Amino acid sequence: MSEAQWNLEGQENKEAQVEIPEVLPLLPIRDIVIYPYMMLPLFVGREMSIRAVEEALARQRLIFLVAQKNSAEDNPTPDEIYKVGTVASIMRMLKLADGRVKILVQGLAKGEIESYLKEQPFFETKIRKVVEPALAEVSIEVEALMRNVKEKIEQILNLKNLPPEIVMVTDNISDAGVLADLVASNLRLKIEESQGILEIFDPVARLKKVNELLSRELELSTVQARIQNQAKEEMSKTQRDYFLREQLKQIQQELGEGDERAEEMKELRKQIEKAKMPVEAKREADKQLKRLEQMHPESSEASLVRTYLDWLIDIPWSKKTKDNLNIKKAQQVLDEDHYDLEKVKERILEYLAVNKLRKKIKGPILCFVGPPGVGKTSLGKSIARALGRNFVRISLGGIRDEAEIRGHRRTYVGALPGRIVQGIKQAGSNNPVFMLDEIDKVGTDFRGDPSAALLEVLDPEQNHAFSDHYLNLPFDLSNVLFICTANLLDPIPAALADRMEVIRLSGYTNEEKLEIARKFLVPRQLDDNGISTAQLEISDDAILRVIAQYTKEAGLRNFEREIASICRKVARKTAEGKKELTRVTRANLHLFLGPPKFIPEVEQEQSEIGVATGLAWTSVGGEVLYVEASLSKGRGNLTLTGQLGEVMKESAHAAVSYARSQAKKLGIEEDFYHKLDIHIHVPAGAIPKDGPSAVITMATALISALTRRPVSRYVAMTGEITLRGRILPIGGLKEKCLAALHAGIKTIILPDRNDKDLDEIPKPVRRKLTLIKAKNMSDVLKAALLDKAEKRAAAESPAKTPARKPLKRKEKPLEKIRRDRIVPLRAG
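Residues numbered from 1 in each chain as written. Predicted model: local features only at pLDDT ≥ 70, side-chain atom pairs only at ≥ 80, totals over all residues. Heavy atoms only, no water.

This part covers the packing of helix α18 (residues 510-528) against helix α19 (residues 540-549). Axes are the key here: two packed helices are described by the angle between their axes and the distance separating the axes. Taken N-terminus to C-terminus, the directions of α18 and α19 make an angle of 115°; their axes are 10 Å apart at the nearest point. By the angle between their axes, α18 is roughly perpendicular relative to α19. Considering only the axes of α18 and α19, their crossing is right-handed. Residue-level inspection shows Asn 510, Lys 513, Leu 514, Ala 517, Arg 518 and Val 522 of α18 in contact with α19, the latter providing Asp 540, Ile 543, Leu 544 and Ile 547. (Axes fitted to C-alpha atoms, helices over the stretch in contact; angles between N-to-C directions. Helix = DSSP H or I, 4+ residues; strand = E, 2+ residues; numbered from the N terminus. Parallel < 35°, antiparallel > 145°, perpendicular 65-115°, else oblique. Left-handed = near helix turned anticlockwise from the far one by under 90°. Contact = heavy atoms within 4.5 Å.)

Structure (structure tokens):
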């Protein structure tokens, strides 16, 4: 649609000459509202509209033009067409090749639809001509309003650089209504707003409305012009800077001074040569440097390429630290930092020995698995110090994105290499000791599986060409000594665990903790708290009591915190002026640490029927586990209580099945399960328990209750049985034996097939224990069950009572403190 034109000359005479009939064909128009005195071409394409045009030409060439409410509607109904429109004269008509009709129309007068006479094949309406009220004379207010409108039009034209002819037209208009229609037709108004102006019949009111819209348009035009000027200024400044920079470059060349950018490229080339990259990496670096030279230094792509080149240069492709091949010195360093841990030290020294003989070997992939606080992380630092290598550590706990390991591709904004390449850069050499801490805490989600990305990193057959997504170049990780740490091996995927050499670190015994405290913990805490041995002395008995009654862990973290607490209290007294030596003994320990937090389990006060002592393994060490069995008249129901897991429940059923199958041999009524209800209970109900190695304890307690023979209180047991009574091996033997010894129980029944694990138990502990190896359940019952005569003898003879004094019943409330920390027990 072309721009509308206005023909104001002789309109009043022409309107008077042309008589407007009451019935006219109606033409619905879209996206525009036509005012009187307005002349513009229209393209008519709808069949109904073409019929209306033909009908108008056949009459007086007059047609009623009305805007439709929804411009997307092809077949509007009367309800979808506005009521007020403009009677127009068709000046010319031209049929186009595509079937449409082009007409030139000129608005004559406003009209209002009274009714629709027919709707097919075109709209025919009865209209009422709208006669606007004439102004007798132009008042001062109307004159001021008209001048205001004309001035605003001039301002808008200046802002938008429009032709000045429009101003000339408005200057010649003296009628307020005509001026309002002219301005409204040239403003970019919505159909609803334009129609609203058309429907205002009072010329002054219409001009006021147009003045409001004109004020809004002027404000929008001002803001738009300001934005365009700012953009133009920014473009001009950028062009100016570019030309000045080019002129400066030419001036520097004329003066013989070096080009700063050329010097930068030259320095980058030197650094690339100095990095001694592999051939493939060198080729990629040279390629990216050539790209950088051709780019504008201010472009975003240039900064990305520069960052990539900086990473290529900073990575230690050929930098390597020299290993300390003095095996005796390395052993001395390891012994200085850690007590015991012979397996780990032996493996590191073997690696050193092979490296010394063969010169070039692949770095081992070690995985230290053990409870918290046993020194896995600090051991990595010690190994790096012993080997004379750099040490770098990354924590994998909570990592869920595969890109954390491999990096992001350079197409992403803010992309960086993964943690592995970042760690190598941080180490500054290509053969560091690289610790991957908490590898069992790696998660997975929609962004990928980091443990799958670690498969390549931790595979000696693949990591010689590890490819990071950001670098997109192979990097040799075969010289890196990877050390992983984990608390549990179960969460680690099987494929990943298979690539690592697993070394298990068990918890420390009380004697080992005492030795570690003397050599490492106490001196360190004295130094950290600003005191010396002249101000504090802690006896061995006090340290052992701290271990037994103030901590409950396989490691040393809480133990060191308790020692630090003692040191802080002494430091405060020293700061207040006390100069005498403070001695901490078993008797006054409670003055520094308060009442005991954990009361260790002890043996029972007497041998009882239906109560057997078992042994359990937890993540913080071993535990003594009492299993109680009671019988009552019933119908053979089995009740299990004590928050037992599925495996432990199945173990109880296996124990009952064994007792039923061996009833005759054990001297039990063969139909006992028809007459009696069996209740098996494991105390400490708030603590979850699971595992198969409590079966012999359950079976012993049950058979004791059925035969009325008591179980010896000096005997603890662990093992799994089959329905035939064979004893199967179990795990965690060292921790279980230590738990029994701490409880004052020195006779332990264990599976015969666990004989191979006895070397794990320290010799001083083994010498204090009587270990009974059982092949089948009859061996267990022979060692654990007493007859009635033995029970009486045990009750009458105090000589058999162990030296450790049993816990009195009145001290039992202290156990509430011990159970504040819930640790899942595992009887297997």
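Moving on from the coordinates now.
Here we take up the state of the cysteines. Cysteine pairs can be linked by a disulfide, which is a covalent bond between their two sulfur atoms. By the definition in use, this model includes 0 disulfides. Left unpaired, Cys 367 is separated from the closest cysteine sulfur, that of Cys 484, by 5.4 Å. (Disulfide = S-S within 2.5 Å.)

Within this structure, the stated rule accounts for 4 aromatic pairs. With a centroid separation of 5.5 Å and an interplanar angle of 40°, the aromatic rings of Phe 434 and Phe 482 are classed as tilted. Taken together, the residues span a long stretch of sequence, with Phe 434 in strand β10 (residues 433-437) and Phe 482 in strand β13 (residues 481-486) at a distance of 48 residues. When sorted by exposure, Phe 434 lands in the same class as Phe 482, which is buried. Lys 69 extends its terminal NZ or CZ atom over the ring of Tyr 82, reaching a point 5.8 Å from the ring centre. Over the ring of Trp 311 we find Lys 425; its NZ or CZ atom is 4.0 Å from the centre of that ring. (Phe/Tyr/Trp six-rings, centres within 6.5 Å; stacked < 30°, edge-to-face > 60°. Buried < 20%, exposed > 50% of the residue type's maximum accessible area, 1.4 Å probe, protein only. Lys NZ or Arg CZ within 6 Å of the ring centre and 35° of its normal.)

This next bit is on the sheet that holds strand β9 (residues 391-395). The 5 strands lie next to each other as β9-β10-β13-β8-β14, forming an open sheet whose pairing is parallel. With one partner strand each, in any of the chains shown, β9 and β14 (501-504) form the two edges of the open sheet. Adjacent strand axes in the sheet meet at a mean angle of 20°, parallel and antiparallel pairs treated alike. Together, β8 (365-369) and β14 form the strand contacts of helix α12 (residues 342-358), whose direction differs from that of β14 by roughly 145°. Across the sheet, helix α15 (residues 419-427) touches β9 and β10, and the angle it forms with β9 is around 150°. (Pairing = 2+ DSSP bridges.)

The next thing to look at is the environment of Arg 245. Tracing the backbone shows Arg 245 in helix α7 (residues 203-255). Judged by its relative accessible area of 37%, Arg 245 falls in the partly exposed class. In this structure Arg 245 touches His 296 and Glu 298, once residues within four positions along its chain are discounted.

To continue, consider helix α16 (residues 450-457). Most of α16 sits inside the fold, with 6 of its 8 residues counted as buried. Those residues of α16 lying buried are Pro 450, Ser 451, Ala 453, Leu 454, Glu 456 and Val 457. Each element contacted by the buried residues of α16 is listed here: α14 (403-406), α15, β10, β11 (466-467), β13 and α17 (494-498).

Looking now at the packing of helix α22 (residues 646-661) against helix α25 (residues 695-707). Relative to each other, α22 and α25 sit at 45°, their axes nearing to 9 Å. Of the possible angle classes, the one that applies to α22 and α25 is oblique. For the pair α22 and α25, the sense of crossing is right-handed. Residues Met 648, Ser 651, Ala 652, Ala 654, Ala 655, Val 656, Tyr 658 and Ala 659 of α22 touch α25, and the partners they reach there are Val 695, Met 698, Ala 699, Leu 702, Ile 703 and Leu 706.

This part takes up the side chain of Asn 588. Mapped onto the fold, Asn 588 is located in the loop between β16 (582-584) and α21 (590-593). For Asn 588, a relative accessible area of 19% puts it in the buried group. Polar contacts involving the side chain of Asn 588 include one to the main-chain amide nitrogen of Thr 585, which spans 2.6 Å. (Polar contact = N/O pair within 3.5 Å; in protein donor to acceptor, adjacent residues only side chain to side chain.)

Here the focus is the pairing of β10. β10 sits mainly inside the fold: 5 of its 5 residues count as buried. Taking every second residue as pointing to the same face, both faces of β10 are buried, with Val 433, Met 435 and Asp 437 on one and Phe 434 and Leu 436 on the other. Both β10 and β13 contribute to a ladder of 4 bridges, which runs parallel. Following the sheet pairing, Met 435 is matched in β13 by Ile 483.

What follows concerns the nonpolar core. Among the nonpolar cores identified, the biggest contains 66 residues, and Leu 27, Leu 42, Leu 65, Ile 103 and Val 105 are the most heavily contacted of them. When residues no more than four places from it in sequence are discounted, the contact partners of Val 105 are Ile 34, Met 38, Met 39, Leu 40, Leu 42, Leu 65, Ala 88, Ser 89, Ile 90 and Met 91. Among the nonpolar cores identified, the runner-up in size contains 53 residues, and Leu 292, Ile 439, Leu 471 and Ala 486 belong to it. (Core = buried A, V, L, I, M, F, W, Y, C linked by side-chain atoms within 4.5 Å.)

All we've got here are geometric facts, nothing functional implied.
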